[in-house]
Amino acid sequence: MNDVLADRVEITYYTDPLCCWSWALEPQWRRFRFEFKEHISWRYCMGGLIPAWSNFIDPLHSVNRPAQMGPLWMEAAHLSGMPLKNTIWAFNPPASSYPACIAVKCAENQSHLAGETYLRLLREAVMIKGENIALLETLESIAESLEKFSAVQFNLKQFNRDMENGVGKEKFRSDLNEVRTKNIKRFPSIIFRSQGIDPLLLKGYRPYVVWLDLMNKLAPHIKRNEHYSPEEYKSYWGTILERELLEIEQRLS
């Protein structure tokens, strides 16, 4: 491994657009990416949380039908402070997370930034607005909104072609194989790798102090950026929620 990689931490984030705990973790994940952005690289692996309700079961949270997902989202909202429209599971429950996973891979096929931005828009749509992201028209509408982002190079026609020609499905199939091979059974699961150190795994919702402790164990020589203003942080992300801003304001108190 060369000297450049020796000074970087590589991250694989196993997640799903319908994972409420991944949404709950956004304040920490965004802060981490901002404060360590010069020293990390990351990629997302879509987990396929809900193939279909007919063969879905979450024994950890005793969930096997849509109505049982609502209380879990309420718990995630209460613990994290992030907004979650749990009523979607009573009135318009997504039948599967597979279409959204495929759509993320189609956006990602154009660029890492397009995939990441599209995933965020998906989560905002379902978690905040209560939109059904299992529906093709919803996925297309979100893609149309992504095309308007000047900072993201994204072609809507290419996205639609990749949704139809199997490119997105094939890339998602590769992600599913990786999830099975790595025996990932919980989302979010995040693997951190650095030269000469055994990989470290972070599972589930964790406060930021846990992230810092993990980085100190993995790469103690890497220093994070602690000197920035809330205005700089807001400008970097463009759109930001109150809870996400609170995450970085805590360091100033």
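Parameters at a glance
Residues numbered from 1 in each chain as written. Predicted model: local features only at pLDDT ≥ 70, side-chain atom pairs only at ≥ 80, totals over all residues. Heavy atoms only, no water. Helix = DSSP H or I, 4+ residues; strand = E, 2+ residues; numbered from the N terminus. Expected span 1.5 Å × (residues − 1). Buried < 20%, exposed > 50% of the residue type's maximum accessible area, 1.4 Å probe, protein only. Arc of directions from axis to C-beta. Pairing = 2+ DSSP bridges. Axes fitted to C-alpha atoms, helices over the stretch in contact; angles between N-to-C directions. Contact = heavy atoms within 4.5 Å. Salt bridge = Lys/Arg side-chain N within 4 Å of Asp/Glu carboxyl O. Phe/Tyr/Trp six-rings, centres within 6.5 Å; stacked < 30°, edge-to-face > 60°. Parallel < 35°, antiparallel > 145°, perpendicular 65-115°, else oblique. Left-handed = near helix turned anticlockwise from the far one by under 90°. Nonpolar A, V, L, I, M, F, W, Y, C, P; charged D, E, K, R; others polar.

K.L.:
How should helix H7 (residues 112-128) be read in this particular structure?
P.N.:
Three or four residues apart is the spacing at which side chains of an α-helix point the same way, because the helix has 3.6 residues per turn. For H7, with 17 residues, the first-to-last C-alpha span of 24 Å sits near the 24 Å given by 1.5 Å per residue. Across the 17 residues of H7, 14 count as buried, placing the element largely inside the fold. Directly beyond the C-terminal end of H7, a positive phi value near 70 degrees is found at Gly130.

K.L.:
I keep staring at helix H12 (residues 230-237) and nothing clicks. Help me out?
P.N.:
All buried positions along H12 are accounted for by Pro230, Tyr233 and Trp237. Each buried residue of H12 sits inside an arc of 60 degrees when the element is viewed along its axis, so together they form one side. Structural note: H12 exposes Glu231 and Ser235 on the side pointing more than 90 degrees away from its buried face. A positive backbone phi angle near 85 degrees is found at Gly238, which sits one or two residues after H12.

K.L.:
Any chance you could explain the sheet that holds strand S3 (residues 189-194) here in plain terms?
P.N.:
Picture the strands of a sheet paired through backbone hydrogen bonds; they go either parallel or antiparallel. Strand order across the open sheet formed by four strands is S2-S1-S3-S4, with mixed pairing between neighbours. This sheet does not close on itself; its edge strands, each paired only once, are strand S2 (40-46) and strand S4 (197-203). Strand-to-strand, the axes of this sheet are offset by a mean angle of 20 degrees, without reference to chain direction. Bridge count for S3 against S4 is five bridges, and the pairing is antiparallel.

K.L.:
Whenever I open this one, the environment of Pro188 confuses me. Can you help?
P.N.:
Relative to the helices and strands, Pro188 is located in the loop between helix H10 (167-181) and S3. For Pro188, a relative accessible area of 0% puts it in the buried group. Pro188 has contacts with Tyr13, Tyr14, Cys19, Trp21, Ser22, Leu25, Leu202, Lys203 and Gly204, leaving out every residue within four places of it along the chain.

K.L.:
I tried to follow the environment of Ala151 on my own but got confused; where do I start?
P.N.:
With respect to the helices, strands and loops of the structure, Ala151 is situated in the loop between helix H8 (136-146) and helix H9 (156-164). In this structure the C-alpha to C-alpha distance between Ala151 and Leu113, which are 38 residues apart in sequence, comes to 9.0 Å.

K.L.:
Teacher, can you tell me more about the pattern of salt bridges here?
P.N.:
It is possible for side chains bearing opposite charge to pair when their charged atoms get close. Following the criterion strictly, the structure yields 15 salt bridges and no others. Across the pair Lys105 and Asp175 runs a salt bridge, and its minimum N-O distance is 2.9 Å. Taken as a pair, Lys105 in helix H6 (residues 98-108) and Asp175 in helix H10 lie far apart in primary sequence, 70 residues in all. On the accessibility criterion, Lys105 (3% relative accessible area) is buried. If you follow the salt bridges from partner to partner, you end up with Arg31, Glu35, Arg224, Glu226, Arg243 and Glu247 in one network.

K.L.:
It is not clear to me how the packing of aromatic side chains should be interpreted in this structure. Could you clarify?
P.N.:
Within the structure shown, the criterion is met by 23 aromatic pairs. Measuring from ring centre to ring centre gives 5.4 Å for Trp73 and Trp89, while their planes differ by 85 degrees; the resulting arrangement is edge-to-face. Of this pair, Trp73 sits in helix H4 (residues 69-80) while Trp89 sits in helix H5 (residues 88-91), and the two are 16 residues apart along the sequence. The class for Trp73 is buried, based on a relative accessible area of 0%. Among the aromatic residues, ring-to-ring pairing joins Tyr13, Trp29, Phe32, Phe36, Trp42, Tyr44, Phe192 and Trp211 into one connected group.

K.L.:
Help me out: how do you make sense of the environment of Met163 in this one?
P.N.:
Mapped onto the elements, Met163 comes out in helix H9. Between the alpha carbons of Met163 and Leu135 there is a distance of 13 Å; along the sequence they are 28 residues apart. Contacts of Met163, omitting those with residues within four sequence positions, involve Pro99, Ile102, Ala103, Cys106, Leu136 and Leu139.

K.L.:
Hey, could you run me through the packing of H6 against H9 in this one?
P.N.:
Each packed pair of helices is defined by two parameters, the angle between the axes and the distance between the axes. Where H6 contacts H9, the two axes come as close as 9 Å, and the packing angle between them is 130 degrees. Put simply, H6 runs oblique to H9. In terms of crossing hand, the pair formed by H6 and H9 is right-handed. Between H6 and H9, the residues in contact are Pro99, Ile102, Ala103, Cys106 and Ala107 and Phe159, Asp162 and Met163, respectively. Residues that form the contact of H6 with H9 fall into these classes: seven nonpolar, no polar and one charged.

K.L.:
For this particular structure, what's the right way to read unusual backbone geometry?
P.N.:
Negative phi is the rule for most residues except glycine; trans is the rule for most peptide bonds. Of the consecutive residues Phe187 and Pro188, the connecting peptide bond is found in the cis state with omega at -5 degrees. At Asn183, a residue that is not glycine, the phi angle is positive and equals roughly 60 degrees. Among the secondary structure elements, Asn183 is positioned in the loop between H10 and S3.

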